[in-house]
Structure formats: structure tokens, C-alpha cells
Amino acid sequence: MDKETFLRVVKEELPYFEKAAAQNNCDIFSNVDLDNDGFVDFEEFAKMVCCCACASNVDMEEACINMRRNKTDDL
């Protein structure tokens, strides 16, 4: 997909990702377009989705660990 389509999809389907990228002054498209051909193909898009899922999983695990620590500290 071209840049315009990609950014529309990210905005509609991954608003949190778009917001985080904006806060970090990150050009999402150029980071996902690994071969710099001006398009994001299926493999590039799949890699981005996998990275998002892994990052989300790490964040969730860390939050659970912190919650357990806080709960133990309260005892």
C-alpha cells in the first residue's frame, strides 16, 4: 500500500500506535517501508504488527509484575 493508504489504515486501526509515534517524532512509514520502495507490502506490514504485539505483550507483563509487587508490599 502507498504511504497515504498506510497512514489512513494506521490512524483507523492502530490509533494508539499513531499517537505514540507522533509523541516520539517518529515517521512510521519510513520505518515500516524496509526496502524503501515507497510502498508497504504484506511482509513489511506483518512485521510491524508483530512488533506492536510483542511490545504490547512486554508492557502487559511488566504491568502485571508491578501489580503483584504492589499487592505484596501492601501485605
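Being a predicted model, the structure only gives us computed values, none of them experimental. Residue positions are counted from 1 within each chain, in the order its sequence is given. With the structure being a predicted model, the display of local features is reserved for residues of pLDDT at least 70 and the display and counting of side-chain atom pairs for 80 or more, all residues being used for whole-chain, interface and lining totals. To obtain the side-chain values, all non-hydrogen atoms of the structure were included, while hydrogens and water were left out.

(A) Molecular detail of the side chain of aspartate 33. Each helix is a run of DSSP H or I of at least 4 residues and each strand a run of E of at least 2, with the numbering of both proceeding from the N terminus. Mapping aspartate 33 onto the fold places it in the loop between helix H3 (28-32) and helix H4 (42-74). It turns out aspartate 33 is buried and unbridged, and the closest side chain with the opposite charge, lysine 3, is 8.9 Å from it. At 3.3 Å, the side chain of aspartate 33 and the backbone nitrogen of aspartate 37 are in polar contact. There is a polar contact of 2.9 Å between the side chain of aspartate 33 and the backbone nitrogen of glycine 38. Exposure is judged per residue with a 1.4 Å probe applied to protein chains only, and the accessible area is read against the type maximum: over 50% gives exposed, under 20% gives buried, and values in between give partly exposed. We score Asp and Glu as negative and Lys and Arg as positive, and we do not count His or the chain ends. Note on definitions: salt bridges are taken to be side-chain nitrogens of Lys or Arg within 4 Å of carboxyl oxygens of Asp or Glu. Residues adjacent in sequence count toward polar contacts only when both atoms are side-chain atoms; beyond that, a polar contact is any pair of N or O atoms within 3.5 Å, and within protein one must be able to donate a hydrogen and the other to accept it.

(B) Summary view of the nonpolar core. Judged by nonpolar contacts, Phe6, Val10, Ala21, Ile28, Phe29, Val32, Val40, Met48 and Cys52 together constitute the single largest core of nine residues. Put simply, the parts of the chain that give this core at least two residues each are helix H1 (3-13), H3 and H4. Counting residues per element, this core draws most heavily on H3, which supplies three residues. Contacts of valine 10, omitting those with residues within four sequence positions, involve Pro15, Phe17, Glu18 and Ile28. We define the nonpolar core as a collection of buried residues of types Ala, Val, Leu, Ile, Met, Phe, Trp, Tyr and Cys that are connected through side-chain atoms lying within 4.5 Å of one another. In what follows, residue pairs with any heavy atoms lying within 4.5 Å of each other are defined as contacts.

(C) Molecular detail of the environment of phenylalanine 6. Assignment of secondary structure puts phenylalanine 6 in helix H1. Once the C-alpha coordinates of phenylalanine 6 and phenylalanine 29 are considered, the two residues, 23 residues apart in sequence, prove to be 7.4 Å apart. Sequence-distant contacts of phenylalanine 6, that is, excluding residues within four places in its chain, are made with Met1, Ile28, Phe29, Val32, Val40, Phe45 and Met48.

(D) Structural view of the UniProt feature "domain: EF-hand" (unreviewed entry) in the protein. Listed under "domain: EF-hand" (unreviewed entry) in the UniProt record, and renumbered for this structure, are residues 27-55. Here residues 27-55 runs as 66% helix and 0% strand, with 18 Å between its end C-alpha atoms. UniProt positions are given in the numbering used here, feature names are shortened, and annotations may be inferred rather than shown by experiment.

(E) Focus on unusual backbone geometry. Despite not being glycine, asparagine 36 shows a phi value in the positive range, around 55°. Of note, asparagine 36 is situated in the loop between H3 and H4. Since its relative accessible area comes to 63%, asparagine 36 is described here as exposed.

(F) Fine view of the environment of valine 49. Here valine 49 lies in helix H4. C-alpha separation for the pair valine 49 and leucine 14, spaced 35 residues apart in sequence, amounts to 9.6 Å.

(G) Main features of the side chain of glutamate 44. Tracing the backbone shows glutamate 44 in helix H4. In this structure, glutamate 44 is buried with no salt-bridge partner, the nearest side chain bearing the opposite charge being lysine 47 at 7.6 Å. A polar contact of 2.9 Å, which involves the side chain of glutamate 44, links it to the backbone nitrogen of leucine 34. Discounting residues that sit within four places of it in the chain, glutamate 44 has contacts with Val32, Asp33, Leu34, Asp35 and Phe39.

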